[in-house]
Amino acid sequence: MSGYAELVAATNYSFLRGASHPSEMVAQAWALGMSGVGIADRNSVAGVVRAHMAWRDLGGLGSGFRLIVGARLVFADGTPDIVAYPATRLGWGRLTRLLTLGNRRATKGDCKLKLRDLLAHSDDLLLIVMAQTLPDRALLERLQKARGDAVWLGATMPRGGGDARRLAALQEISAETGVPLLATNDALYARPDARALHDVVTCIRTGTTVQAAGKLVLANAERHLKTPAEMARLFRACPHAVAASGDLLARIEFTLDDLKYEYPHEPVPSGWEPQAWLEHLVMEAARTRYPEGLPDEWVRKIDEEFALIRSRSYAYYFLTVHDIVRHARSLDPPILCQGRGSAANSVVCYLLGITSVDPVANKLLFSRFLSENRHEPPDIDVDFEHERREEVMQYIYRRYTRRRAGIAATVIHYRPRSTIREVGKALGLTEDVTARIASTIWGSWGGDVPEKRAAEAGFDPDNPEIARLRTLVDQLLEFPRHLSQHVGGFVLTEGRLDEMVPIHNGAMPDRTFIEWDKDDIDALGLMKVDVLALGMLTCIRKSFDLLRRHGLGDYALHSVPREDPETYAMLRRGESIGTFQVESRAQINMLPRMKPRELYDLVMQVAIVRPGPIQGGMVHPYLRRRNGEEAVEFPSPSKPHDPNELHEVLGRTLGVPLFQEQAMKLAITAAGFTPAQADGLRRAMATFRHNGTMPRYEADMVDGMVGRGYPRDFAERCFSQIKGFGEYGFPESHAQAFAWLAYVSAWLKCRHPAVFTCALLNSQPMGFYAPAQLVRDARDNGVEVRAADVGSSEWNSSLEPAKGGRFALRLGLRQIDGFREDWAKRIVAGRARSPLRSIEDMARRAALPPAALRKLADADACGTLGLARRDALWEARRTPSGELPLFAFADAAELAQEPDAELPTMPLAEEVVTDYQTVRLSLKGHPMQFLRAKLAREGVLSCKEIGAAPDGLKVRAAGVVLIRQRPGKGNAVFITIEDETGIVNALLWARDMEHQRRAVMASRLMLIEGEIQRSKEGVVHLMADTIIDRSAMLALLSASDEMTPPIARADEVSRPKSVRPPDPRHHHPRNVRILPRSRDFH
Amino acid sequence: MTLADARARCPQLIAHEHDEPADRHWLERLTRAYFRFSPAVTQLPPDGIAIDITGGGHLFGGEQGLADLAQDQMAARGMTVRVACANTPEGAQALARYAHWPAPDERGAIQALPVVALNLGEEATRGLQRAGLKTVGAVAARPMATIAARFGIEAVRAIERLTGDESAPIASLMPRQALRFERRFAEPVAHRESVAVTLAELLHEAASSLEERRLGGRRFGIELHRSDGAVHRLEIATSAPTRDSALVLRLFAERIGALADPLDPGFGYDSMVLTVLRAEPLDPVQTSIPGATDGMIDDARALAELVDRLSTRLGPDAVRRLVPRDSHIPEQAQFALPAIERGAPAPWPADTPDGPPSRPLFLFDPPQGLHDVMSEVPDGPPRRFTWRRKLHHVRLYEGPERIAGEWWRRKGGELAGQGGLTRDYYRVEDVRGRRYWIFRHGLYEETDGPRWYVHGLFA
């Protein structure tokens, strides 16, 4: 091999040191005509898979261009940096074990290596010594002794003034020791243009500004990839150093494709072949479910799936997932779980109990998503109850041991807000300025920082300082920032995991995670099992427990009565507060339009109210077609193509692509993509914002469709829809699983509202709404709710028999702000023998500290003791803590009787306010009712009156603020207010927002002036034009206490973090659960 | 409210860190302004001042007149102030914070105060409010034993202090003694030696005062009050804190000697004042034993003394010291700062250990242009050049050392190709053995026909 290859190239996975993406490095090296490139990041191989993918895109081995991957070892013992490349698969294992050793020795994010570690792990590693000053001969000799002729001495020409002198000295050392020189440019970025960016990241790393950085930043822009000709010219005094890169390259046979993955063998009993064991298990289950014999369709599908699983040897995978699920179910009490993901549509998964959605009845096609063309392992995510997932994770560690199980990494990328702040700081802008610019990115997500943002903050976008900030922020966005651990993606191997990939210590003790993330794992075909936490499963399990305990039925996830008409009727009325997935405001508005009647309607409902379909403009066409206002038609291709080909793809969704799979299928069917191309499209969709391959696919797809005779505008619309998916698309398989949980939760809410609310309250925090709203909803649905009380409440909320064989909901002591579980437990134990008599009695029996007594009294939970709030408090305050030994025997009252304090009685308004302060909800009344007379005089209508008002009426409404959201592109703000009669949903256009921003953001009690807009389905919105902050009125309610109404968990003002949009490339199911982005539909 | 909340409401918000020491310092200064009303004045952090006006109110026109004066005094400093008078400092403070003053009935006004005026902390205040006891009067009307059982004896005491049943004197903030030494003469002194002797005596006094306080003076001032009322003021500064009266005396002598307009004692001086204008901590040190030599310390001291003397004589700007600055740009890699302000010389960054010096000892400011330069593209050294109308042939060279421009100082410098010209520096030796530091301003791909300069000469 001739020519030159840059073998010491760092990428931005050398965090805050490299300034180019791995793909850029590879592409630029190739473009410059090098014979290869070596990617070596600082004590890490986190970026090499991305480089490998870029190399594959160039054609891999067939391109004649070589990629070698390794790491730059930076030592803690003063040894100069050594770049190590594995020559073989064995060498790779040594390298990853070496890095694991260093990682595990250090705290999170660091790696402590010593030279002797390298010497102990140096088999099949090729080493390049990178010396800052002239290297120590003894070091070279030691390395040579260990590795023979696999050691090189890196020589650079950094333009430091004394380059020639240094090169001569290196040549002398090389001649003396026999270690050959290797020419390199020690590259930190692909092109010289990246100098400014590199200086900025250096400043971020060292916490300084470019003005003050001095010699911390490099003197020049020379550390980029240089052409082979230029390198030959620079090293003309030493041509063999340039040629040495070819020698090294020729000795490496390892590529990441050599990482042959082997599934763990645990789940298969000895004497069984995995495939046979899987078939055995499935057929056993089938026989139990269908004792009379399997229907034909089932037999056919099972055979199809078995064949596919056999051909791709996926039996181990299904067995591993089954093993984990089986374990969770075998615990006492069992952990509720449900699988989803592409492979979860299979009959195999259904029969093994991994999923509860019947794939045959729901016409799900397994093979469609697990095609033989996609060389990726199947994907099953399993959701577990959020409070008990840890047990499952510890089981995995126990069963597969830490050597063979590890959690995947999540690469944390630079996000607009943090990037603006950090770059601004490095450029020496004041905190004020950057904070002001950053603050304008409110709840929205953009690939770059639009000019408008800067202008919004009152900055001239043409101002050179601001322009500079923008340019650099744009460049730094999407850079990896650090590695973090994925919430539940496990990688399991049969052999040692640390010979596959380096392992790091997690932030939590007892957690270890590997250096690669989900995409890397997919790209290399490793197996990942997602063990995820889902709050709704906890709630459903608690509901089932309550039903069983109170004799209301014995249910499991799959045995809930299907297709209950009353449940769908409730959903059609838009009553879905507390349910899974369909409870957000956007979903509630959608329900009366979708009019769901069967599970598949919910599947579509879950998928349609999300940014992909919304940005793609699919929602309204779909609704029109569904309501029969628009003909369902499928554009046809010209002959000789099958005119009904689109019917096949889009038939179920009335010709509108709603699911990610449909988008891919569309590309294959209508644009003639090969499956591999479609797969490339899918990957480009996921990452299109940073590698710019999307335009290429756009041309391919639009031209492909036009070429087959589709109208161009239709083709373009299809593509824009696919682009929307790329960001937040939702595969049908996930929608199916979620829809089922949505149905189960809706069924519970409809049939057993007290049980459901009780379980929801006991699973907090979760979901969209605060307890106040859940309780109010339950009361609206006829559930009797009883206040927390020391005489009957437990820690959790519970059910009590009520009139007519119904159940009343007793709030638990956990609702009291700041109350502790052990206090509650002691109260329950204390009152077991006989009822509590007084506060002093309770304090003694439950050994409660004064703080606990005060909280109970404050929360008006001492009703059973015959004490109103004030009297209880007065009494609690004088009760000493604990038990005085002198009185313990006598069990006599210790405190002298006091004359009745005759405290003034508390007015009802103050009772309500105090309730809100201590329990965050009040059963006694609503704060607005005390202000009603005053507001009515101002012409303010109640929420109920607004709901009944005719379209177009100008009205004034007032209420406490429940939620403020500014979703999606941010051109509207949604506000929900509440009063004693109900809620009003208001919409304020962003253009009307800025001049009344303070009122919008700060109001706790808001007065809204606007116009009624009533849709034909009867959905009422208040189109706001003026927002008035009337929070001061809340002070009228109580002379002493500020009223702080509880705001929903989804409010973007009070809880801006919870709406952080999911990173599309790590489309993380946990975020899917919270569904932040789905709230933005209108 | 969190800052993020506030920003969401008002994006234009400018936030400053709370500077608590500065607030305290300011309150202390404000407090001192009230010594004119009473010797018993104290500050009540974070934002209150208490004045004991017992027996002194009539001097300022009664309570109302005093309140007006106090308000005027603060207004002059741009502060608004709420004033109240009461029988106890706590009562006055509570009235000032939570009520209007003057109130016709002081006792009634205090009874009507909200319970928060009791200053019992948030938890106890809330407890009283929740119990429906919302005014000081409502609490005070309860049996004190019930209050003590629930809110502690402190609460009872707070009520009594507020209602005037108990009172504690305030601890005054007395002014501190300044380092000021004065000598009044029985007869006006005109003789220069007598002045010098007196100054020496004052300096000895000052030195012992400084030593007691473990301080050393950095700036000293003298005032010479002439019998006809004229006052001469002189100041000297030293580069390090000192108590060495001989040194200070010498510096004063230098200062006087350097005056353009010599001191004219006229009919003599009445009095003389020495003030230590700035002092810094200085621990006592063992002065060297006569005869023993401690070269290093002596050298450093001798240098410091020289700097002090020259600076005193020639002015601080005239004596400068080079201080290294962290920059790649050669002409910005050092500052020349007044030596007297810099203290001891800072260590200079070392050159490469066994290589030749990378920077010349002498730099031209600005660099001097070269002509007729012959060099190789793209990065060859000058083969020959004309400088000061003389042609030089280069025999040996080393380089280039490439130093890129500071992109952050240029408009749009972060964009590709806009970062400013890069310099390639060469150390060259001409055929006659002279060594120059020469640079080409700009790479060939950055500019057409880059210019060459000589930036410095090697020794």
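Residues numbered from 1 in each chain as written. Chains lettered and ligands numbered in written order. Predicted model: local features only at pLDDT ≥ 70, side-chain atom pairs only at ≥ 80, totals over all residues. Heavy atoms only, no water.

1. A look at the overall build of chain B
- Summing up its helical and strand segments, chain B has 13 helices and 15 strands in all.
- The globule rule puts the C-alpha radius of gyration for 459 residues at 23 Å, and the 36 Å found for chain B is more than 25% above it.
- Overall, the C-alpha framework of chain B stretches about 105 × 75 × 45 Å when taken along its three principal axes.
- Within chain B, contacts between residues at least 6 apart in sequence are counted, and of these 54% link residues at least 24 apart.
- When the accessible surface of chain B is summed, it comes to about 26,100 Å², and 53% of that surface belongs to carbon and sulfur atoms.
- With 57 positive and 62 negative side-chain charges, chain B shows a separation of 4 Å between the mean positions of the two kinds. (Helix = DSSP H or I, 4+ residues; strand = E, 2+ residues; numbered from the N terminus. Rg over C-alpha atoms; globule rule 2.2 N^0.38 Å. Contact = heavy atoms within 4.5 Å. Areas by Shrake-Rupley, 256 points an atom, 1.4 Å probe, with all protein chains shown as cover. Lys, Arg positive; Asp, Glu negative; His and termini not counted. Charge placed at Lys NZ, Arg CZ, Asp CG, Glu CD.)

2. Here's the deal with the interface of chain B and chain A
- The interface of chain B with chain A comprises 49 residues on the first partner and 58 residues on the second.
- Of the roughly 5,000 Å² buried at the junction of chain B and chain A (both faces included), carbon and sulfur atoms supply 49%.
- Area buried by chain B at its contact with chain A is led by Arg130, Arg150 and Trp408 of chain B, which between them contribute 18% of it.
- Applying the counting criterion to the chain B and chain A interface returns nine salt bridges. (Buried area = accessible area lost by both parts, 1.4 Å probe. Salt bridge = Lys/Arg side-chain N within 4 Å of Asp/Glu carboxyl O.)

3. Considering unusual backbone geometry
Residue and element names in this part refer to chain A.
- For the bond running from aspartate 332 to proline 333, omega is -5°, close enough to zero to count as cis.
- Phi angles above zero are rare outside glycine, and glutamate 563 is one such case at about 50°.
- Counting through the fold element by element, glutamate 563 comes out in the loop between helix H22 (535-549) and helix H23 (565-572).

4. Looking at the packing of aromatic side chains
- Tallied over the full model, the rule gives 29 aromatic pairs over all chains.
- Plain terms: the ring middles of tryptophan 874 of chain A and phenylalanine 151 of chain B are 6.2 Å apart, the flat faces sit at 50° to each other, and that makes the pair tilted. Of this pair, tryptophan 874 of chain A sits in helix H39 (residues 869-878) while phenylalanine 151 of chain B sits in helix H8 (residues 144-151), on two different chains. We note that tryptophan 874 of chain A, like phenylalanine 151 of chain B, is buried.
- Ring centres of tyrosine 425 of chain B and phenylalanine 439 of chain B lie 4.8 Å apart, and the angle between their planes is 40°; this geometry places the pair in the tilted category. Here tyrosine 425 of chain B is found in strand E13 (residues 423-430), whereas its partner phenylalanine 439 of chain B is found in strand E14 (residues 435-441), with 14 residues between them in sequence.
- Each member of the aromatic cluster is reached from another via a ring pair, and the members are Phe362, Phe364, Phe385, Trp387 and Tyr436 of chain B.
- The aromatic ring of tyrosine 350 of chain A is capped on one face by arginine 289 of chain A, whose charged end is 4.6 Å from the ring centroid.
- The aromatic ring of phenylalanine 439 of chain B is capped on one face by arginine 423 of chain B, whose charged end is 5.1 Å from the ring centroid. (Phe/Tyr/Trp six-rings, centres within 6.5 Å; stacked < 30°, edge-to-face > 60°. Buried < 20%, exposed > 50% of the residue type's maximum accessible area, 1.4 Å probe, protein only. Lys NZ or Arg CZ within 6 Å of the ring centre and 35° of its normal.)

5. Some remarks on the side chain of asparagine 103 of chain A
All names here are of chain A.
- Within the secondary structure, asparagine 103 sits in helix H3 (residues 89-105).
- At 3.2 Å, the side chain of asparagine 103 and the backbone oxygen of isoleucine 503 are in polar contact.
- Once residues lying within four places of it in the same chain are set aside, the contact partners of asparagine 103 are Asp110, Cys111, Pro502, Ile503, His504, Asn505 and Glu515. (Polar contact = N/O pair within 3.5 Å; in protein donor to acceptor, adjacent residues only side chain to side chain.)

6. Comments concerning a nonpolar patch on the surface
- A cluster of nonpolar side chains, namely Leu303, Leu306, Leu310 and Leu314 of chain B, defines an oily patch on the protein surface of about 340 Å² accessible area.
- Tracing the sequence through the fold places leucine 306 of chain B in helix H12 (residues 295-314). (Patch = residues over 30% accessible without salt bridge, like charges linked within 9 Å, V, L, I, M, F, W, Y side chains within 5 Å.)

7. Focus: the sheet that holds strand E20 (residues 982-989) of chain A
Residues and elements named next belong to chain A.
- Here five strands make up a closed barrel; going around it, the order is E18-E19-E20-E22-E21 and the pairing mixed. On average, adjacent strands in this sheet sit at an angle of 55° to one another, irrespective of strand direction.
- Sitting on the sheet, helix H42 (residues 927-937) is in contact with strand E18 (954-965), strand E19 (972-979) and strand E21 (1005-1014), with an inclination near 155° to E18. (Pairing = 2+ DSSP bridges. Axes fitted to C-alpha atoms, helices over the stretch in contact; angles between N-to-C directions.)

8. Section: helix H1 (residues 22-31) of chain A
- Those residues of H1 of chain A not exposed but buried are Pro22, Met25, Val26, Gln28 and Ala29 of chain A.
- Just downstream of H1 of chain A lies glycine 33 of chain A, where phi reads positive at about 85°.

9. Points about the confidence of the model for chain A
- For chain A, the mean per-residue pLDDT works out to 83, and 88% of the residues sit at or above 70.
- Residue range residues 1056-1082 of chain A is modelled with pLDDT below 50. Its contacts to residues more than four positions away, or to other chains, number 85 contacts. (pLDDT = per-residue confidence, 0-100.)

10. A short note on the environment of arginine 32 of chain B
- Residue placement: arginine 32 of chain B occurs in helix H2 (residues 20-32).
- On the basis of relative accessibility, which here comes to 27%, the residue arginine 32 of chain B falls in the partly exposed class.

11. Considering the pattern of salt bridges
- By the definition in use, this model includes 99 salt bridges over all chains.
- The salt bridge involving arginine 776 of chain A is made with aspartate 780 of chain A; its shortest N-O contact spans 4.0 Å. Taken as a pair, arginine 776 of chain A and aspartate 780 of chain A lie in helix H35 (residues 771-780) at a separation of four residues, close to a single helical turn.
- Close ionic contact of arginine 183 of chain B with glutamate 205 of chain B constitutes a salt bridge, the shortest N to O distance being 2.9 Å. Here the residue arginine 183 of chain B occupies a position in strand E3 (residues 180-189), and glutamate 205 of chain B occupies one in helix H10 (residues 192-212), the gap between them amounting to 22 residues.

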